Amino acid sequence: MMKEKDDFYIGYVDQVSPGTKKLLKRFVMFALVVLLGMAAIFGLTQNKLSNSAFDFGIDTAVTGTYHEQPYPMLRVQTEENTFKNIVLLGFGKLGPNSYLNKIRSEVDQLSGSTLRIEGELVYYNGKTLLQLTSDEKVSLVERANGRELPKANLVVSDMELSGEIIDPKCYFGVMKPGKGKIHRSCAVLCIAGGIPPVLATTDENNISEYYMITDSQGKAINQDILPYVGKPSLVKGTVVKLEDWYQLRINTEDIKDLDSPSKVY
């Protein structure tokens, strides 16, 4: 009986033995299956992209009435008796004030003035934000003349809401998705830099609502809110309607940490 010869691979010989070919084919097929499986697992475990949009590098001119109630906004009429309040942002992790100082020096009162601003739009779930990139793209159309500004005096109710405090810039679309632990520190820096804090809530039907947070007097509350950013919390306060935005007026002492994992960060 003839003894079967063992395969012996020689690199400089063109011919490969049938046994070696078979082994190589099996290895390649196995490696492909593993690679595709890992790719599928990686893809399925990623956060889904939101339906937000960020017009990075594309300037859009927006004209409206500037006001601070209590954060810088541009009130734009979309149809008869209907207005949208566009939240103004600065570039990076800053609010828009550094881009408004030049125009402030030209008028006695900026609030109530009509401005034309070219910037990069961010929009998500009915909310619109505008990122300013240059003070040269902010121009005065009309000085303040007593025109009506939105009145944040329609009290909806005193409420206790559960959710997480986020920075709307990254969460609404500048970072997509603006979620995960690394984004919590980003959110803290953005809010510290002047971007309005927002409470993001979701009800049992998975419908989201957003509440711009102020102090109990309706004033900006950037620094005091920083320890609570990105932590699931129960927030008690008075809900006030500002046209297309809800405001939540709170005392930070009334915030209760729910001590549960973040759904955002």
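Before any of the text, the structure's been laid out above.
Turning our attention to the overall build of the protein chain. When you go through the protein chain residue by residue, the secondary structure sums to four helices and 13 strands. Residues counted as buried form 37% of the 265 residues belonging to the protein chain. Partitioning the intrachain contacts of the protein chain with sequence separation of at least 6 by distance along the chain shows that 74% fall at a separation of at least 24. Working note: accessible area of the protein chain is about 15700 Å², and carbon and sulfur atoms make up 55% of it.

Bringing the environment of Ile255 into the picture now. Inspection of the secondary structure puts Ile255 in the loop between strand 12 (245-250) and strand 13 (256-257). Accessibility expressed as a relative area gives 11% for Ile255, which makes it buried. Along the backbone, Ile255 and Leu234 are 21 residues apart, and their C-alpha atoms lie at a distance of 5.9 Å. Those residues in contact with Ile255, other than ones at most four positions away along the chain, are Ile225, Tyr228, Ser233, Leu234, Val235 and Ile250.

This part covers the environment of Gly146. Checked against the element boundaries, Gly146 lands in the loop between strand 7 (138-142) and strand 8 (154-166). Separated by 35 residues in the primary sequence, Gly146 and Ser111 have C-alpha atoms spaced 9.7 Å apart.

Taken together, the side chains of Glu160, Asp224, Glu253 and Asp254 present a region of like negative charge at the surface. You can see Glu160 is positioned in strand 8. Among the residues examined, Glu160 registers a relative accessible area of 53% and is labelled exposed.

Given a rise of 1.5 Å per residue, 27 residues ought to cover 39 Å, and the 39 Å separating the end C-alpha atoms of helix 1 (residues 18-44) matches this to within 8%. For helix 1, a buried count of one out of 27 residues is recorded, marking the element as mostly open to its surroundings.

What follows deals with unusual backbone geometry. Note that the residue after Gln69, namely Pro70, is joined by a cis bond; omega there is -5°. Relative to the helices and strands, Pro70 is located in the loop between strand 2 (60-68) and strand 3 (72-79). One non-glycine residue, Asn125, lies in positive phi territory at about 50°. Within the element layout of this structure, Asn125 appears in the loop between strand 5 (114-124) and strand 6 (127-131). Take Asn125: its relative accessible area is 38%, and that puts it in the partly exposed class. We note that Asp259 has phi near 50°; this positive angle belongs to a residue other than glycine.

Glancing now at the packing of aromatic side chains. Taken as a whole and judged by the stated rule, the model has eight aromatic pairs. Taking 5.7 Å as the distance between ring centres and 55° as the angle between the ring planes, the aromatic pair formed by Tyr124 and Phe172 counts as tilted. Taken as a pair, Tyr124 in strand 5 and Phe172 in helix 3 (residues 168-174) lie far apart in primary sequence, 48 residues in all. In this structure, Tyr124 and Phe172 share a single accessibility class: buried. When the ring of Tyr171 is compared with that of Phe172, the centres are 6.0 Å apart and the planes differ by 55°; the resulting orientation is tilted. With respect to class, Tyr171 is no different from Phe172; both count as buried. The side chain of Lys127 reaches across the aromatic face of Trp245, ending 4.4 Å from its centre. Of note, Lys241 hangs over the ring of Tyr246, and the distance from its end group to the ring centre comes to 5.2 Å.

Cut-off values and rules
Residues numbered from 1 in each chain as written. Predicted model: local features only at pLDDT ≥ 70, side-chain atom pairs only at ≥ 80, totals over all residues. Heavy atoms only, no water. Helix = DSSP H or I, 4+ residues; strand = E, 2+ residues; numbered from the N terminus. Buried < 20%, exposed > 50% of the residue type's maximum accessible area, 1.4 Å probe, protein only. Contact = heavy atoms within 4.5 Å. Areas by Shrake-Rupley, 256 points an atom, 1.4 Å probe, with all protein chains shown as cover. Patch = residues over 30% accessible without salt bridge, like charges linked within 9 Å, V, L, I, M, F, W, Y side chains within 5 Å. Salt bridge = Lys/Arg side-chain N within 4 Å of Asp/Glu carboxyl O. Lys, Arg positive; Asp, Glu negative; His and termini not counted. Charge placed at Lys NZ, Arg CZ, Asp CG, Glu CD. Expected span 1.5 Å × (residues − 1). Phe/Tyr/Trp six-rings, centres within 6.5 Å; stacked < 30°, edge-to-face > 60°. Lys NZ or Arg CZ within 6 Å of the ring centre and 35° of its normal.

Interpretation note: all reported values are geometric properties and have no functional meaning in isolation.
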